[in-house]
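Here is how the chains run, residue by residue.
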Amino acid sequence: MDFPILSYLIFIPLIGFIAVMFLPKEKLGLIRWTSAFFSFIPMILSFYLTYHYYYNFSGTAGMFYTEGPFSWIAPVHVNYFLGVDGISVPMLFLTGLLSFLSIIASFNIVNRVKEYFSFFLLLEAGMLGVFCALDFFLFYVFWEVMLVPMYFLIGVWGGPRKEYAAIKFFLYTLFGSLFMLVAILILYFSSDPHTLNMLELIETVPSFLPHSLQILAFVFFFIAFAIKVPVWPFHTWLPDAHVEAPTAVSVILAGVLLKMGTYGMLRVSWPMFPEATRFFAIPIALLGLIAIIYGALVSMAQKDLKKLVAYSSVSHMGYCMLALGAWTSVTAITGCMFQMFSHGLITGALFLMVGVLYDRAHTREIAAFGGLGVKIPIFTGLMVLFSMASLGLPGMSGFVSEFMVFIGAFTASAPNLTIITGIAVLGVVLTAGYMLRMVQRIFLGEFNREKWGGLTEMNVREILMVAPLAALTVIIGVYPAPLTNIMKATLENLVNLMAR
Amino acid sequence: MELPLYLIPLFPLAGFLLNGLLIGRLHKRIISLIACGSVGLSFIYGVKFFVDLISLPEQSRVIENIVFTWIPSGHFHVNIAFLLDPLSAVMVLVVAGVSFIIHIYSIGYMHDDKGYGRYFAYLNLFVFSMLILVLADNYLLMFVGWEGVGLCSYLLIGFWFEKKSAADAGKKAFIFNRVGDFGFLLGLFIIFWQIGSLDFIAVFEKAPTMFVAGGGLITAATLLLFVGATGKSAQIPLYVWLPDAMEGPTPVSALIHAATMVTAGVYMIARSNVLYMMAPVSLAVVAIVGIATALLAATIALAQNDIKRVLAYSTISQLGYMFVACGVAAFAAGIFHLMTHAFFKALLFLGSGSVIHALAGQQDMRYMGGLKRAMPITFPTFLIATLAIAGIPGLSGFFSKDEILWKSFSSDYGSIWLWAIALLTACLTAFYMFRLVFLTFYGEGRMDVRTREHMHESPKVMTIPLTILAILAVIGGYVGIPHVLGGDNRFEKFLEPVMHGRYHPSGEEAHALASSGYGASTEMLLMAVSVVLIIIFIYLAYHFYLKNTAAAGKLRDRFSGVHKIIYGKYFVDELYGALIVRPIVNGSLFLWKIFDVLIIDGLINGMATVIGDISTGLRPAQSGVLRTYATIFLVGVVVVIGYLLVK
């Protein structure tokens, strides 16, 4: 690559953030299209990066694209250091795609448009930064940078209980990041010479850090990441945040932000603290199991469509945790990454669809609908498609990831894991239960013509918004090899690192 | 040039995509041309490959086609690949053939439906999935087809989704199948765990060395696979979805819920025969569940009034029969019955569809009767199918059913009890089927005048499929004439390489099967007994439902308690509702309202309140008065210095 593509990825939306701030606030069209432009470029860059990585590096492990390290704050050894491998490339792809789609989905925002879009671009810069950063300070900065726009996006443009949801989200996450900060400081002060370079620390931490401190740092990082995932019982911020957040923010929240948690574990905790990982493997798998079953059961009880999808995320991210508990199995870890990607597509799409319905009906109460299949067949068809993808129907991406997680964890030659996985498979039944129940109560049955006779079909913009997600879900469900090839070498290497 | 196998499922997929994406944009004629044409092409290619297959020497009858690597990750590796051997060849011909006939029939049956395009798109998707299921060369791809047919079943049961009962039935079918899938998946995991592959050939080759015969793991794996089969093939305890599935259009009931999809479980077990042969306990479970289901469903069928429901319970019962065959290690007999059943049961459903069509949607037999004359093609074809299912000598059902009866008695895994109950079931089958025929076609018409005036035979596009199926229902059995009747059971011989030759060189169970130890005279005797009993039960049906109709009512009143239980289908649905569904729904509400909202959020909000209170308490300290700050600062400095000095 003959230009610093990662820096471009991060700084273009950042420039967009500033540029949009300087636009006159009444020129709504200009603001929208400028924002679209500033998120379109990173999307194309992320596609290009993925393509390039796939063709040149997918067979080999390690950081191939690095930019830096350039000394940034020398006295405390802070560097500007970016790099990507098979874990981050799919996440950048997902972030680029979902950010652009979300911006498009936000064109119907009318309140304080300028601030909304500039916050959104800042958020995008933060997200892309997290997936590229290889220096802890930088990582932490990007991590916190996301928090602020997210807080405002929920708190200002959200639903009726937006303040509560926003502050809950903010405090939860801040609580977690404080633990992360302490853990980073432990690493910094214990290393000699002091360093914040994540790659170096992955190499050296197991040898220089005392056992007890490794456990402690692992737990601190885990709290920070677990809140993001969210791992049960840290999940209660999620349904509130989702229900109150505007559609596009929900998409980003579910599609990208949740993945930061599992990404952090794969990038930091697991390779850096292999001993602690082994120590906590079974409890982590158990947390995954609880999330799968608990999330599915609670989804079943939901009356609000968006909350149902939100809780389904808790359940689906549980598969990732289960896989992370089965750290010896490359198949399970691949399944984890695949699930992160696939869940981003499917749940992102589901939230977009919920938004489309809400825009028309001004309610998300499942019981308020019925028989909509008669009136809006395209919407119904797509919603059924995404529901099927979500419940893991073969031929779509969700099945591939769930299956890899299950078979990897089941055969990871740990009897406890085999049992845990065996129970976790019940999730496929429960997921079918709540998804089909939802489909039935909204789209099937008798149609209330008086109440919903005026409902209109999806327009072209909305269809185009979800079409790429539908296509990708099917494509990587039928032919997952490109995605698994990108991750393969990196993940094999990761499992070796963890086996140290 | 060698044609690849994947063409067989590819045609219906193309048909699905064309009709599915251009929904509502095409003329009906074109829609049906695409749909029927694609399935017809599949059938033609199926025949072509069948011919290729039988031209190969007997022991090497396998055609493989690897399309691409599907899931590669770590140690796990699975292909999209197809395998044609005698077993899958039979299935392809049955599936594509019967599907084609039913597609044609549907042109007439669905002609006035506004969802015409959608219907045919789903139907093609079904054929595609079913062909994937039977052609897959590994368990995972088979599972893809398995789930695919489940999806189509869901979509087609709920085809008229504005009707709440139809939507409910679709959901029920899907969820019950998912319960089965839970078992199926776990079974796959155990197989992969022990063998390191899911490819049929590898699994069956390695199983004898990687599993301990009769051990816990192989027993668990086969039992779990069987759980999957009970879901798909509607056996105890997961059978309750199938009767409700009759909410779908009748051709769908014929194709999916009688002839093809529901037999997938039988196919899967026959396919896995090597594994089951290693797990005698599982075989016994299969046989017991099969026979119990066969009997239970037959008793329920005695008392139902809805013509399609009778047929649905009959299907469950016949599937139970096939499982009995598998359970006594007579896999070929199970597949034989699967095939003949596909012909006559499809015919029965299509015939009932023709009746329903003639009566403007009436499905209740209490409002039928005397249709014999009005339906000169439907009636005789229906009668042929009924004779076939009853097991009257000379028709297809006789051969396959008798084969199962004989094997349930003579096999090393069989017993006289198994045979006796199977025979009882056969008698009940003859009884309820003739009850159905007498109530529908004979006696006085009990429909209202308007309906009676509009009664008519169905159009040619529907009656020709009936005729073809009737021919098949007669001759279908002649490929498997048993030795005792002078035949050489070519069907069994054809399947032999799959059942226990190729994958299992030792041929132990071939030996076990051959040494049944009973003579031809025993077989003839049992055959005679069953034929006589069946004819007696047909007479009984005649007696109660045609000759002396009051007697039926009297009988019912006499045993009103029993009748209520049978009519209420043993209240299994209610039981499941109370024992499983209710607790889950209540439990989910509890977890949400109590655990999530009250406990976790309560803790967190409580913590926030406490922190808020503390900070409120501390607020006076931040008075903004500089002097106070300076004083506190000074005190602090003194304390620190003092501490350092003392230390």
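Residues numbered from 1 in each chain as written. Chains lettered and ligands numbered in written order. Predicted model: local features only at pLDDT ≥ 70, side-chain atom pairs only at ≥ 80, totals over all residues. Heavy atoms only, no water.

A.B. asks: Pulling in residues and values, what's your account of a nonpolar patch on the surface?
C.D. replies: Where nonpolar side chains cluster on the molecular surface, the patch consists of Phe 590, Ile 594, Leu 598, Ile 599 and Leu 603 of chain B and spans about 480 Å² of accessible area. Tracing the chain through its elements places Phe 590 of chain B in helix H26 (residues 572-618). (Patch = residues over 30% accessible without salt bridge, like charges linked within 9 Å, V, L, I, M, F, W, Y side chains within 5 Å. Areas by Shrake-Rupley, 256 points an atom, 1.4 Å probe, with all protein chains shown as cover. Salt bridge = Lys/Arg side-chain N within 4 Å of Asp/Glu carboxyl O. Helix = DSSP H or I, 4+ residues; strand = E, 2+ residues; numbered from the N terminus.)

A.B. asks: Account for the pairing of strand S2 (residues 76-84) of chain B, with residues named and values stated.
C.D. replies: Counting buried positions along S2 of chain B yields eight of nine residues, so the element is predominantly enclosed. In this antiparallel pair of consecutive strands, strand S1 (residues 63-73) of chain B and S2 of chain B, the connection spans two residues, and Gly 74 of chain B shows a positive phi of 60 degrees. (Buried < 20%, exposed > 50% of the residue type's maximum accessible area, 1.4 Å probe, protein only. Pairing = 2+ DSSP bridges.)

A.B. asks: Quick one: what's the story with the layout of surface pockets, residue by residue and with numbers?
C.D. replies: A volume near 1200 Å³ is recorded for the second largest pocket. Along the walls of the second largest pocket sit 36 residues, with Lys 171, Lys 172, Ile 175, Phe 176 and Val 581 of chain B positioned nearest its centre. Those elements giving two or more residues to the lining of the second largest pocket turn out to be helix H11 (274-300) and helix H18 (426-443) of chain A together with helix H6 (164-195) and H26 of chain B. When residues of the lining of the second largest pocket are assigned to their parent elements, the largest contribution, 11 residues, is made by H6 of chain B. Across the lining of the second largest pocket, the residue classes tally to 18 nonpolar, seven polar and 11 charged. (1 Å grid on protein atoms, 1.4 Å probe; cavity = no way out; pocket = protein on both sides within 12 Å on 5 of 7 lines; lining within 4 Å. Points joined across faces, edges and corners; volume = space filled by probe spheres on them. Nonpolar A, V, L, I, M, F, W, Y, C, P; charged D, E, K, R; others polar.)

A.B. asks: Report on the nonpolar core, specifying residues and quantitative values.
C.D. replies: Grouped burial of nonpolar side chains is what soluble globular proteins tend to show. Phe 136 of chain A together with Tyr 139 of chain B are the most contacted members of the largest nonpolar core, which totals 444 residues. The element best represented in this core is helix H13 (residues 330-361) of chain A, accounting for 19 residues. Discounting residues that sit within four places of it in the chain, Phe 136 of chain A has contacts with Ile 184, Leu 187, Leu 196, Met 198, Leu 201, Phe 221, Val 268 and Met 272 of chain A. (Core = buried A, V, L, I, M, F, W, Y, C linked by side-chain atoms within 4.5 Å. Contact = heavy atoms within 4.5 Å.)

A.B. asks: I'd like a rundown of the environment of Phe 136 of chain A, residues and numbers included.
C.D. replies: All names here are of chain A. Summarising the element assignment, Phe 136 is placed in helix H5 (residues 136-157). A relative accessible area of 0% means that Phe 136 is categorised as buried. When the C-alpha positions of Phe 136 and Met 498 are compared, they lie 20 Å apart, and in sequence the two are 362 residues distant.

A.B. asks: If you had to explain the environment of Glu 163 of chain A to someone new, which residues and values would you point to?
C.D. replies: Residues and elements named next belong to chain A. As for its position among the elements, Glu 163 is in helix H6 (residues 162-190). Note on Glu 163: relative accessible area 52%, which makes it exposed. A C-alpha to C-alpha distance of 8.9 Å links Glu 163 and Glu 244, two positions 81 residues apart in sequence.

A.B. asks: Tell me about empty space enclosed by the protein, and name the residues and values.
C.D. replies: All names here are of chain A. Summed over all chains, the structure comprises eight cavities of 30 Å³ or more. In this structure, the largest cavity encloses a volume near 80 Å³. With four residues, helix H16 (residues 397-410) is the single largest residue contributor to the lining of the largest cavity. Class assignment of the residues belonging to the lining of the largest cavity gives a composition of seven nonpolar, one polar and four charged.

A.B. asks: Account for the pattern of salt bridges, naming residues and giving values.
C.D. replies: If you walk through the whole model with that rule in mind, you get 20 salt bridges over all chains. We note a salt bridge from Asp 240 of chain A to Lys 168 of chain A, for which the minimum N-O separation is 2.6 Å. On the criterion of sequence distance, the pair formed by Asp 240 of chain A in helix H9 (residues 237-244) and Lys 168 of chain A in helix H6 is long-range, its members being 72 residues apart. Side by side, Asp 240 of chain A and Lys 168 of chain A carry an identical accessibility label, which is buried. Across the pair Asp 573 of chain B and Lys 172 of chain B runs a salt bridge whose closest N-O atoms are separated by 2.8 Å. Taken together, the residues span a long stretch of sequence, with Asp 573 of chain B in helix H26 and Lys 172 of chain B in helix H6 at a distance of 401 residues. Assessed through its relative accessible area of 16%, Lys 172 of chain B is described here as buried. Sharing partners across several salt bridges, the network here consists of Arg 161, Lys 168 and Asp 240 of chain A together with Asp 601 of chain B.

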